Amino acid sequence: MKKLWIIGTAVILTLCTSCNRDVREHTGDYSYKISGVVNFVDLSGETTSIFTTKQGQMNIMEDKQAGRGAILVTFNEMGGGAYSCTGKISGDSIVFKPFTFSTRFSSADTTIELLQLGKVYTVQSEGRGIIRDGVILMEERWSGQSEDGSNIQLQANAITLLAEEN
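1. Section: the overall build of the protein chain
Thinking step 1. For the protein chain, the count of helices and strands is one helix and eight strands.
Thinking step 2. Starting at the N terminus and ending at the C terminus, the protein chain contains elements arranged as α-β-β-β-β-β-β-β-β.
Thinking step 3. Out of the 166 residues belonging to the protein chain, those deemed buried represent 36%.
Thinking step 4. Across the protein chain, contacts joining residues at least 24 apart in sequence account for 51% of those joining residues at least 6 apart.
Thinking step 5. For the protein chain, the exposed area adds up to about 9600 Å²; of that, 55% sits on carbon and sulfur atoms.

2. Here we look at the environment of Leu43
Thinking step 1. Within the secondary structure layout, Leu43 lies in the loop between β1 (28-41) and β2 (47-62).
Thinking step 2. Judged by relative accessible area, which is 72%, Leu43 ranks as exposed.
Thinking step 3. A sequence separation of 107 residues divides Leu43 from Ser150, and the C-alpha atoms of the two residues are 8.9 Å apart.

3. Here we look at the sheet that holds strand β8 (residues 153-165)
Backbone-to-backbone hydrogen bonds pair the strands of a sheet. The strands run either parallel or antiparallel.
Thinking step 1. Pairing in this closed barrel of eight strands is antiparallel, and the strands run β1-β2-β3-β4-β5-β6-β7-β8 around the ring. Averaged over all pairs of adjacent strands, the angle between strand axes in this sheet comes to 25 degrees, irrespective of strand direction.
Thinking step 2. Where β2 meets strand β3 (residues 70-77), seven bridges bridge the pair, whose relative direction is antiparallel. Bridging across to β3, Gln57 finds its partner in Asn76.

4. Comments concerning the side chain of Glu140
Thinking step 1. Here Glu140 lies in strand β7 (residues 135-146).
Thinking step 2. Despite its burial, Glu140 pairs with no opposite charge, the nearest such side chain being Arg141 at 9.9 Å.
Thinking step 3. A polar contact is formed between the side chain of Glu140 and the side chain of Ser125, at a distance of 3.4 Å.
Thinking step 4. Within the structure, the side chain of Glu140 is placed 2.9 Å from the side chain of Trp142, a separation counted as a polar contact.
Thinking step 5. In this view, Glu140 contacts Phe96, Ser125, Glu126, Gly127, Ala156, Asn157, Ala158, Ile159 and Leu161; residues no more than four positions away in its chain are not counted.

5. Section: the confidence of the model for the protein chain
Thinking step 1. Of all residues in the protein chain, 81% attain a pLDDT of 70 or more, and the chain-wide mean is 85.
Thinking step 2. For the protein chain, helix α1 (residues 2-26) is the element with the lowest average pLDDT, namely 58, and β3 is the one with the highest, namely 97.
Thinking step 3. Contacts of residues 8-19 to residues separated by more than four positions or lying in other chains number six contacts, the stretch itself having pLDDT below 50.

What counts and how
Residues numbered from 1 in each chain as written. Predicted model: local features only at pLDDT ≥ 70, side-chain atom pairs only at ≥ 80, totals over all residues. Heavy atoms only, no water. Helix = DSSP H or I, 4+ residues; strand = E, 2+ residues; numbered from the N terminus. Buried < 20%, exposed > 50% of the residue type's maximum accessible area, 1.4 Å probe, protein only. Contact = heavy atoms within 4.5 Å. Areas by Shrake-Rupley, 256 points an atom, 1.4 Å probe, with all protein chains shown as cover. Pairing = 2+ DSSP bridges. Axes fitted to C-alpha atoms, helices over the stretch in contact; angles between N-to-C directions. Lys, Arg positive; Asp, Glu negative; His and termini not counted. Salt bridge = Lys/Arg side-chain N within 4 Å of Asp/Glu carboxyl O. Polar contact = N/O pair within 3.5 Å; in protein donor to acceptor, adjacent residues only side chain to side chain. pLDDT = per-residue confidence, 0-100.

See the structure below:
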């Protein structure tokens, strides 16, 4: 009976520490690039689509207060803002919980027909992906609107985040 208890305790301890080991294995600094098609829809339903790219530094930290597998991720966009989100790592899977950030689309990202050039957008994002060999590949979904009250809606269903450990 004592042997069974020791084996059971060992198995439980192994299961309890595996998520934290996964997180510790992937914490650190990453260079990232985000790209994808973003659609802007006005009140009349007219859509303008652009291909956007953003890059910068990302840091993954273990969030010990939020439980097993929990992470805090910070983003420092090159030439742009900084924001953070929370998520979870389990094995080779990574998930970002829904979060909000603000961003601006520069002239390099836009077409002449796009009247919201330089406007700031509030974006709601969430994503999931995989981590292998120091590389993170995620698929994110974005939705949002212009902060100037123009009722322009932003929608992107396939934003790719590619990050490589520094």
